[in-house]
Amino acid sequence: MKKLFTILMVVAMSTTVSFSQISDRVNDESTYLLGARPVAGNFGFYLALSTAEIEGLTEDNWEESGIPLINVKYYKTDKLVLRAGVQVSKKRRSIDGTLDADMTGYTDYKHVETDASWNLALGAEQHFDLSNIFDSYIGLNGNVGYERSVRTHNESYNGGDYANSEGSNFGFTYGLETFIGTNFFIADLPIAAGLELGVAAKNYGANKYKYDWDNSFDGTSNSGTYYTSLVDDFENMSTLSGDNSQSLQFTDLKARRFDIMPLARITLTFYLKQ
């Protein structure tokens with residue numbers, strides 16, 4: 001619900017602002033029947049969700065906050081549009097409880113997972129169809145950001161024994177997107193719904209967890225550091241341990257990941273006068 005509330009608040013604020021936009025534009029009724037297509041000097045406020053983000057909204061097991069991809073567009077000319085956008089995401093889930101030590105051996109148990117990311121995108125669109133109803137374009141986006149995750153696990157046992165570990169990763173990301181898009185202008189409102197399809201290439205910097213751990217059993221304490229891979233889909237990795245790659249604990253690790261992926265986004269744009 002928090003995710004949905006965040007998106008609805010963004011749309012509501014955008015709608016409030018947008019009624020002073022380009023609604024005073026006079027259409028040439030002999031040529032155009034619908035729409036209020038922006039022209040050079042106009043601005044647009046652009047809300048977008050990819051198919052992956054829509055799928056993530058249906059996951060109820062994460063407490064998620066942040067904003068979807070939000071862009072500001074500026075019409076340099078009637079056909080050339082400059083765009084800048086930011087995307088911020090944070091999600092967290094945890095379990096924290098006390099157990100019956102006589103039955104389980106545990107007295108306390110806590111596990112917390114937190115993921116966060118930030119991304120800045122800069123790009124441009126070249127438009128072709130100048131009708132007021134449909135607006136087709138090609139575009140290019142460059143983006144840079146970071147991803148960070150933390151995994152904390154604490155267990156306490158009878159007699160004062162314990163086992164704790166904390167894993168974290170941080171890495172910069174960068175990539176490039178190329179796409180084609182179409183806007184559909186809604187009646188005479190300064191609003192357009194659209195679809196973008198294309199290809200995205202992304203380099204990931206956060207490809208491994210570093211775990212620091214310590215424990216105490218029967219009065220003997222130990223501590224150390226190990227690494228696990230975030231690249232968990234190597235087909236031959238499972239043969240090394242009989243389990244998935246996340247079970248492998250490395251004393252030293254280098255992991256790299258670069259993906260080329262299909263891109264699909266639905267969009268909603270509100271236009272404003274300069």
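The structure reproduced in this document is the subject of the present report. (Residues numbered from 1 in each chain as written. Predicted model: local features only at pLDDT ≥ 70, side-chain atom pairs only at ≥ 80, totals over all residues. Heavy atoms only, no water.)

1. Quick notes on the packing of aromatic side chains
Logical step 1: In total, this model carries 10 aromatic pairs according to the counting rule given.
Logical step 2: A centroid spacing of 5.8 Å and a plane angle of 45° characterise the contact between Y209 and Y211, whose relative ring orientation is tilted.
Logical step 3: A connected cluster of aromatic rings, assembled from ring pairs, spans W118, Y146, F170 and F172.
Logical step 4: In this structure, R257 is placed above the aromatic ring of Y204, and the distance from its NZ or CZ to the ring centre is 3.8 Å. (Phe/Tyr/Trp six-rings, centres within 6.5 Å; stacked < 30°, edge-to-face > 60°. Lys NZ or Arg CZ within 6 Å of the ring centre and 35° of its normal.)

2. Re the side chain of D115
Logical step 1: With respect to the helices and strands, the residue D115 is situated in strand β4 (residues 106-127).
Logical step 2: In terms of polar contacts, D115 uses its side chain to reach the side chain of R151, at 3.0 Å. (Helix = DSSP H or I, 4+ residues; strand = E, 2+ residues; numbered from the N terminus. Polar contact = N/O pair within 3.5 Å; in protein donor to acceptor, adjacent residues only side chain to side chain.)

3. So, the environment of K76
Logical step 1: Among the secondary structure elements, K76 is positioned in the loop between β2 (63-75) and β3 (80-98).
Logical step 2: In sequence terms K76 and V39 are 37 residues apart; their C-alpha atoms lie 8.6 Å from each other.
Logical step 3: Leave out the neighbours within four places in its chain, and K76 touches A40 and L82. (Contact = heavy atoms within 4.5 Å.)

4. What to know about the environment of Q126
Logical step 1: Counting through the fold element by element, Q126 comes out in strand β4.
Logical step 2: Taking the relative accessible area as the measure of exposure, Q126 reaches 32% and is therefore partly exposed.
Logical step 3: Taking C-alpha positions, Q126 is 5.7 Å from K79, a pair spaced 47 residues apart along the chain. (Buried < 20%, exposed > 50% of the residue type's maximum accessible area, 1.4 Å probe, protein only.)

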